Structure formats: structure tokens, C-alpha cells
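Next come the chains, spelled out residue by residue.
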Protein chains: 2
Amino acid sequence: MGELSRRSGVPIPTIKFYLREGLLPPGVATAANQADYDEEHLRRLRLIRALIDVGGVTVAGAREVVAALGTHADDPLDLLGAAQTAVEPRHRPDRDTPQWRAARERVTALIADRRWLIHPDSPAIDLVADALAAADSLGVDELLDKFGEYADTADRIAAVEVRAVLDRPDPASRMELVVLGTVLGEALLTSLRLLAHQHESARQLGGG
Amino acid sequence: MGELSRRSGVPIPTIKFYLREGLLPPGVATAANQADYDEEHLRRLRLIRALIDVGGVTVAGAREVVAALGTHADDPLDLLGAAQTAVEPRHRPDRDTPQWRAARERVTALIADRRWLIHPDSPAIDLVADALAAADSLGVDELLDKFGEYADTADRIAAVEVRAVLDRPDPASRMELVVLGTVLGEALLTSLRLLAHQHESARQLGGG
DNA sequence: CTGCTTTAGATAGCTACACTATCCACTCGA
DNA sequence: TCGAGTGGATAGTGTAGCTATCTAAAGCAG
């Protein structure tokens, strides 16, 4: 365990915590107080830290993701659902208002317009509605006006990402890319968007 | 205060909490235990809830944003910095490793390649490095391979967003759009990306 | 004027989350 | 043989974001 801690940078008490929580499978016991951890444990531990630290996933969410990685060994869409559930935000607005329901209606209509193939119960629809409802309550018309631009942009990067997943030959590693693509891809895209805001502000203002 | 609570959907104890924390300016006192709250208070309260609930911003981050909205009444780039700081994730990985510093070097090189005008101390650079370092530690080469696609995508939507801000005639409302665009735009883009993953999975797999 | 409700302001408490610390009985390794 | 390390169990910590309670003072219907 000491080696696992040193190679991963994760403190021993935290590793014990992850073992207790069922995020990390136990090592192979060689004695009452001795166990072996292999490269798979190291990799799993790094995956957990990537999900939690970079992706902002909760411990409970990470547990579900690794559980899904183990069970849905061949169904990419189920795993995608698990990964998407895991990246959902912790705080959510009040959805029990007429305004929110109206926003959700608009989202489903806009999706239908674009002929996107989406499961009607997908939680991601609610997340879009959250953003539009908030924009609406503050009179920010731009988000709705530019909905098409946002959707085109999202579709563009999603197409690249799905293609990358399908290009992976090995099924097990393909499953892992579904998860990591969802989580790390989001982190990369949002942080690059912040940089692009700086660049575009400077460019469009014609300054330095 | 009762009316403010009813119209915003925020419980009275929470409003009191926001007042204590300095997120919401106090009402105009009409007596020792009486104060008036106007439409501006309602709007501010909705802004706070949008930041916290939809954008996942912390209470401390929201306080800084509203403070910046008050003080930098004319400098969009300062305000952009405040908004970007506010949307940063709460948990961050260990950045004190050679691997992370190498990832950060790669990010600055890639930015230079693209001739993006970025302040070299921008915290967003570190966020990109976080994602690339995590991808690297797990052997996910795709994120680095597709870096250009991510950057193009981010630039594309950022250009639209900056344009929308500059199109706003009134300076005060333009400042507000900087904040709301940063926060709500991120929520909209990431949730649409999740939907697009579903759509593209179905489309590229040729299924329903 | 009476009595019920509401209010501002202050203080204290709560729940969830993600660890972190301590203890114990081992056991490995020099 | 002995000190550092281990696995397992139990308990404690710190932060964040509220939530509850109390007090004195209005407000408002009858």
C-alpha cells in the first residue's frame, strides 16, 4: 500500500477510504495484514483521482462509474449514461415552477427541430432547461437566440469524441475512453473556452 | 422580505444568509425591523441563484462576482477575470509534480502555436494542464491528439459569445452579460455536449 | 387597544461531503 | 528482535451551504 501511495501521490488514509467506499477493489491478501496491489490498482486509483479532482465527480458518482465499467463490459450506451450521470452538478435549481417546465418544453422542441436522437427522459435535457430557465428569468435572450450555435458547437466536438471512441480497437479500453472522454473532455473544453474568451476579447477589441 | 422570498422562490433564512454574507445588499430600512427591497434586489437574488445553482459557483465566488460587477463598472477584461475565477472547480489535482509542469509547458506551447493572445498567468492555463496531465497519466492520447479540435471548438463558441457581449449597447447590461455568458454559457454548452454524445452515438452506430 | 403575524438582526445548529487520525494486532525486513 | 509498516475498524475534522431559534419591535385586522 505504501508503494501504491507513493506511485499515485494519494495518501494512505485516502486509499483506505476508497477501499472502504468500494471505489478501489481490495488487494490480494497474502497474510492477515498484508495484501498485494498490482498495476491495475494503480491505474484504477489514477482514474478515480482524475474523475474526482479534474472532473469534479463525487465519490458516490465515481463509485457508480467504476461499477458500470465492471458490469456493462460491452454496452457503450449504458456506460455513457453512467458517465453522464456522474458529471451532473451537485446543486440544482428548483424545477418545480411553470417557468422551468416551459423552458424544458422549449428544449425538447429545439431538439426535435434539429432531429437529434435523444432519449426523452435523459437528465441532460433537464440541465439544458436549467440554463435556459435561468437565462430567461434574468432576461438574457442571447442564450436562446444563439441556441443553434451552442448546439452546433456541441455536436461538432461530440462527433469527434464519439469517432475517437469507435476508433479504439480493444473493447475494454473503448469503455474506459467513454468515461474519460466524457469527464476529461468536458474539463478540457470548458477550460479552453475560458482561454478563448480572453483571446477573442483581445482580438475583437483590437487590443493586446 | 416575505415578498422577495415568494417572488424569487428563495427561503427567507437563505435570503438572510446571503445578506449576512454580503452577496445581497441590505434593503432600505424604514424602521428598526422593517426594510424595503426593490426590483434590483429581486434581480440580484436571481443572479446569485443562477450563479450558484446553475453555474456551480461557490458563495465566495458569487460574492466576488457581484463585487466586481459593482466596482469594475467599465472594464470588461477585469470582470471577465473575476467571472473566470468564479467558475473554477473546487477540487484541484496535485500540481506539484514534474508531469504536471510538463503538461503545463505543452499547453503554453500549443497556445503559442495557435497565436492566441493569453495572459501567461491566466488560471485557465492551469485548468487545461490539469486535464492534459490526467489524460497523460492514464495513457489517453486522444485528448492531446485532438487538442486542435477542442481549441477550434472553444474558439468558435467564444467568438460568438464575445460578439454577443460587444453587441450590447448599454455598458451596465454588457457587464452583466460577461458574467452570465461565462457561467450560463458553460452550463448550456456542457449539457448540450452530453445530448450531442447521445445523438452522435446513435448516429455513428447507425441505431435508434 | 388587542393579539396574531411578520421582520431584522444575532447566534447557534445542522447535514453532507471528503477526507484524516487513531488504535490494534499483527508481520515484514534488517 | 525490534522498529517501521499494514489491514481493518472506529471516530474525528474541516469546509460549505444553508436552517433554526431567539429577541425586540413593527404591522395589521378587528
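Residues numbered from 1 in each chain as written. Chains lettered and ligands numbered in written order. Predicted model: local features only at pLDDT ≥ 70, side-chain atom pairs only at ≥ 80, totals over all residues. Heavy atoms only, no water.

Around DNA strand D lies a shell of 21 residues, among which A:M1, A:G2, B:R20, B:N33 and B:R90 are the nearest. Take the atoms of DNA strand D that sit within 4 Å of the protein: sugar and phosphate atoms are 62% of them. Measuring from a phosphate oxygen of DNA strand D, one finds a side-chain N or O atom of B:T14 at 3.3 Å. The contact in question runs from a phosphate oxygen of DNA strand D to an N or O atom on the side chain of B:Y18, over 3.2 Å. Elements with a minimum of two residues in the surface near DNA strand D: α2 (12-20) and β2 (34-36) of chain A together with α2 (12-20) of chain B. (Near = heavy atom within 4 Å. Polar contact = N/O pair within 3.5 Å; in protein donor to acceptor, adjacent residues only side chain to side chain. Helix = DSSP H or I, 4+ residues; strand = E, 2+ residues; numbered from the N terminus.)

As a further point, take the side chain of B:E88. Residues and elements named next belong to chain B. Inspection of the secondary structure puts E88 in the loop between α5 (76-86) and α6 (98-114). Residue class for E88 comes out buried when judged on its relative accessible area of 17%. The residues contacting E88, other than those within four sequence positions of it, are P123 and L127. (Buried < 20%, exposed > 50% of the residue type's maximum accessible area, 1.4 Å probe, protein only. Contact = heavy atoms within 4.5 Å.)

Moving on to the domain arrangement of chain A. Size of an interface: often given as the accessible area lost when the parts come together. Residue and element names in this part refer to chain A. Along its sequence, chain A is carved into domain 1 (1-54) and domain 2 (75-205). One C-alpha centre belongs to domain 1, the other to domain 2, and the line joining them spans 32 Å. Residue-level contacts link five residues of domain 1 with six residues of domain 2. Interface area, domain 1 with domain 2, both sides summed: about 470 Å², of which 75% is carbon and sulfur. For the pair domain 1 and domain 2, the interface holds one salt bridge. The salt bridge involving R43 is made with E176; its shortest N-O contact spans 2.4 Å. (Domains from an automatic or database assignment. Buried area = accessible area lost by both parts, 1.4 Å probe. Salt bridge = Lys/Arg side-chain N within 4 Å of Asp/Glu carboxyl O.)

Structural alignment of chain A on chain B gives an RMSD of 0.1 Å, achieved by rotating through 180 degrees and translating 0.0 Å along the axis. Each copy turns onto its partner about a two-fold axis. Proximity to the rotation axis, assessed at the C-alpha, singles out A:T153 in chain A; its C-alpha lies 3.1 Å from the axis. Counting the interface residues of chain A, we find that 100% of their copies in chain B are interface residues as well, pointing to one common contact surface. (Least-squares fit on C-alpha atoms with pLDDT ≥ 70 in both.)

All right, on to the packing of aromatic side chains then. Residue and element names in this part refer to chain A. The final tally for this structure, using the stated rule, is two aromatic pairs over all chains. Here F17 and Y18 contribute two aromatic rings whose centre-to-centre distance is 5.8 Å and whose plane-to-plane angle is 45 degrees, an arrangement assigned as tilted. Take F17: its relative accessible area is 30%, and that puts it in the partly exposed class. (Phe/Tyr/Trp six-rings, centres within 6.5 Å; stacked < 30°, edge-to-face > 60°.)

A separate point is the environment of A:Q204. By the element assignment, A:Q204 lies in helix α10 (residues 171-205). A sequence separation of 57 residues divides A:Q204 from A:F147, and the C-alpha atoms of the two residues are 22 Å apart. Not counting chain neighbours up to four residues away, the residues in contact with A:Q204 comprise B:A159, B:V162, B:R163 and B:L166. Only 3.1 Å separates the side chain of A:Q204 from the backbone oxygen of B:A159, close enough to count as a polar contact. In this structure the side chain of A:Q204 is engaged in a polar contact, spanning 3.1 Å, whose partner is the side chain of B:R163.

UniProt tags residues 1-68 of chain A as "domain: HTH merR-type" (unreviewed entry). Across residues 1-68 of chain A, the secondary structure splits into 62% helix and 10% strand, with the terminal C-alpha atoms separated by 25 Å. (UniProt positions renumbered as here; feature names shortened; annotations may be inferred.)

Right, let's talk about the interface of chain A and chain B for a bit. Tallying the contact residues gives 83 residues for chain A and 83 residues for chain B. Summed over both sides, the interface of chain A with chain B buries roughly 8,200 Å², with 70% coming from carbon and sulfur. Ranking the residues of chain A by area buried against chain B places A:L138, A:Y150 and A:R193 at the top, with a combined share of 9%. At the boundary of chain A and chain B, one finds six salt bridges. Residue B:R193 is joined to A:E161 by a salt bridge in which the shortest nitrogen-to-oxygen separation is 3.1 Å. Counting residues per element, the side of chain A that touches chain B draws most heavily on α10(A), at 25 residues. For the side of chain A that touches chain B, the residue count by class is 46 nonpolar, 18 polar and 19 charged. (Nonpolar A, V, L, I, M, F, W, Y, C, P; charged D, E, K, R; others polar.)

Moving on: the pattern of salt bridges. Under the defined criterion, the tally for this structure stands at 32 salt bridges over all chains. The partner of B:R95 in a salt bridge is B:D130, and the shortest N-O contact between them spans 2.7 Å. One end of the pair, B:R95, is in the loop between α5 and α6; the other, B:D130, is in helix α7 (residues 123-137), and 35 residues separate them in sequence. B:D130 matches B:R95 in its accessibility class, with the two residues each being buried. The network of salt bridges with shared partners includes A:R95, A:R104, A:D126 and A:D130.

A:L188, A:L192, A:L195, B:L188, B:L192 and B:L195 are the most contacted members of the largest nonpolar core, which totals 132 residues. Each of domain 1 (1-54) and domain 2 (75-205) of chain A accounts for three or more of the residues forming this core. Residues contacting B:L192, with those up to four places away along its chain left out, are A:W116, A:V128, A:F147, A:Y150, A:A151 and A:A154. (Core = buried A, V, L, I, M, F, W, Y, C linked by side-chain atoms within 4.5 Å.)

What follows deals with the pairing of strand β1 (residues 28-31) of chain A. Residue and element names in this part refer to chain A. Examined bridge by bridge, β1 and β2 share three bridges and lie antiparallel to one another. From the neighbouring strand, V28 faces β2, where its bridge partner is D36. Counting the residues that bridge the hairpin from β1 to β2 gives two residues. (Pairing = 2+ DSSP bridges.)

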